[in-house]
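# Fold and contact review
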Amino acid sequence: MKLHEYQAKSLLGRYGVPLLPGIPATTPDEAVAAAEKLGGPLWVVKSQIHAGGRGKGRFKGAVSDAELAKAAKGEDAEGKGGVRLARSIEDVREAAAEMLGNVLVTKQTGIEGKEVRTLYIEGGCAIDKEFYLSVLLDRSNNKVLFMASKFGGMDIEDVAESNPEAIIKVHVDTAVGLTDFNGRELAYALGITDRKAVNRAVGFFRSVFQAYMELDCAMLEINPLVLDKDGNLFVLDAKMEIDSNAVYRHKDIAEMRDVHEEEATEIEASEYGLNFIKLDGNIGCMVNGAGLAMATMDIIQFKGASPANFLDVGGGAKQDQVEAAFRIITNDPSVEGILVNIFGGIMKCDVIAKGVIEAVKQVGLEVPLVVRLSGTNAELGKKIIDESGLPVISATNLDTAAQAIVDAVKGA
Ligand code: ADP
Ligand code: MG
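A brief report on the enclosed structure follows. (Residues numbered from 1 in each chain as written. Chains lettered and ligands numbered in written order. Predicted model: local features only at pLDDT ≥ 70, side-chain atom pairs only at ≥ 80, totals over all residues. Heavy atoms only, no water.)

### Quick notes on the sheet that holds strand β7 (residues 114-115)
Going by this rule: At least two bridges found by DSSP between two strands is the condition for calling them paired. In this text, helices come from DSSP runs of H or I with a minimum length of four residues, and strands from runs of E with a minimum of two, each type numbered from the N-terminal end.
The three strands are arranged β4-β6-β7 in an open sheet whose pairing can be described as antiparallel. In this open sheet, the two edge strands, each paired with only one partner strand, are β4 (58-59) and β7. Sheet analysis places strand β6 (residues 103-105) next to β7, joined by two bridges and oriented antiparallel. Paired with L104 across the two strands is K114, which belongs to β7.

### Section: the packing of aromatic side chains
The criterion, for reference: Only the six-membered ring of Trp is used, alongside the rings of Phe and Tyr, when aromatic pairs are assigned; centres must lie within 6.5 Å, and planes under 30 degrees apart are stacked while those over 60 apart are edge-to-face, with the rest tilted. Relative accessibility decides the category of a residue: with a 1.4 Å probe and only protein chains considered, values under 20% of the type maximum give buried, values over 50% give exposed, and everything between is partly exposed.
Under the criterion given, the structure shown has four aromatic pairs. With 6.5 Å between their ring centres and 35 degrees between their planes, F146 and F209 make a pair best called tilted. Taken together, the positions of F146 in strand β10 (residues 143-149) and F209 in helix α7 (residues 195-214) put the pair 63 residues apart, joining distant regions of the chain. Like F146, the residue F209 is buried in the burial classification. Ring centres of F204 and F205 lie 5.6 Å apart, and the angle between their planes is 85 degrees; this geometry places the pair in the edge-to-face category. With relative accessibility at 0%, the residue F205 sits in the buried group. An aromatic cluster is built from F146, F204, F205 and F209, whose rings are joined through pairwise contacts.

### A word on the coordination of the magnesium ion (ligand 2)
Applied cut-off: Excluding water, the donors of a metal are its N, O and S neighbours within 2.8 Å, or within 3.2 Å for Na, K and Ca, and that exclusion means sites may look incomplete.
Distances from the magnesium ion (ligand 2) to its protein donors, namely N223 (O) and D237 (OD), fall within the range 2.2 Å. Taken together, the residues N223 in strand β12 (residues 217-227) and D237 in the loop between β13 (233-235) and β14 (238-242) connect sequence positions 14 residues apart.

Distances and angles like these do not, on their own, reveal function.
Next up, the structure:
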């Protein structure tokens, strides 16, 4: 589960990770009140969306399409970005009014952009050096990985490509915790040498590690991590992702979920307890069981097409879940054909068949549909579908089913 910058910072603050003071705002008046409360003389008005590259992003409607296209590629474009310095209360109001309710396009949002609904008003700071820091789980050796680079504020992918030795990696053993040695290694890599500053940096990394572990983070990126003139490190930008499987342990974090940032279809799917992930292809798949879903996607690919989604209705789906699943798939404009592939175990094929037929009656069927039912009550399921009079192609095995839907889509 992704969090906004202001939410990530509020969580990091609980662990004593140094930050600048800041207040979220959802209207220009709130932004002004926040700025007054923070006191000047410098503020930064920051758009809160689940995407990075906001500084270089541009707003739809405020610049030409050509400049927007540049912003979507991460290039420097004309116009004002989604992170702005303000030197007066009036500047804060103006920036807030220009950002709120508008769509910000960045390298990470792509050209469709994301609507800015919340701002973070933060105190401005004097930056001596900008670094990059990220923390993630390295599954290959069961350790937490800290990646740091002196090249902060810019795209780490670019650094990785042009200057890979500039990224240093420090593995932290979770049973031991972040040691002083780990902390010093990171500090030296960032060019921090003053003894007192190194000690403070070690404390900084230790707090970050503690936050990462206790909050059940899947990923934490601090870019830039800033060093001020007095040798103190602090967080200027934070991107945090919490392990979705652990969110139940953190009621307060669960409440931070911002559904506006999620795909509408994925939200509807989660309401029905369906496991749905939107993909780039054109064949919608409705499958029971994650393993079967994987196999179905593989075989579609093997037959020369690609899946439009991953949809697992689960082991014991009810009829209304099947209807919702079907509705979600057909609502996707990129779907040119649908493959229903069900292996009835606990799940009964006749329930699936009824669900599909109900859904087709409700939402209509404008693309070819292939249904493959196998296992418990498969015969009954097939009979229900055949007698429905709907233009559904039945198949008995996965190979012919996949071939049938790929042929139907290609022929159409
Ligand atoms: P993004 O990565 O989405 O572009 P950042 O929060 O990293 O957003 O902000 C972009 C740049 O703006 C930073 O690299 C930094 O130079 C500057 N910046 C951000 N917050 C502040 C602040 N509070 N004070 C001064 N400069 C800031
Ligand atoms: Mg950043």
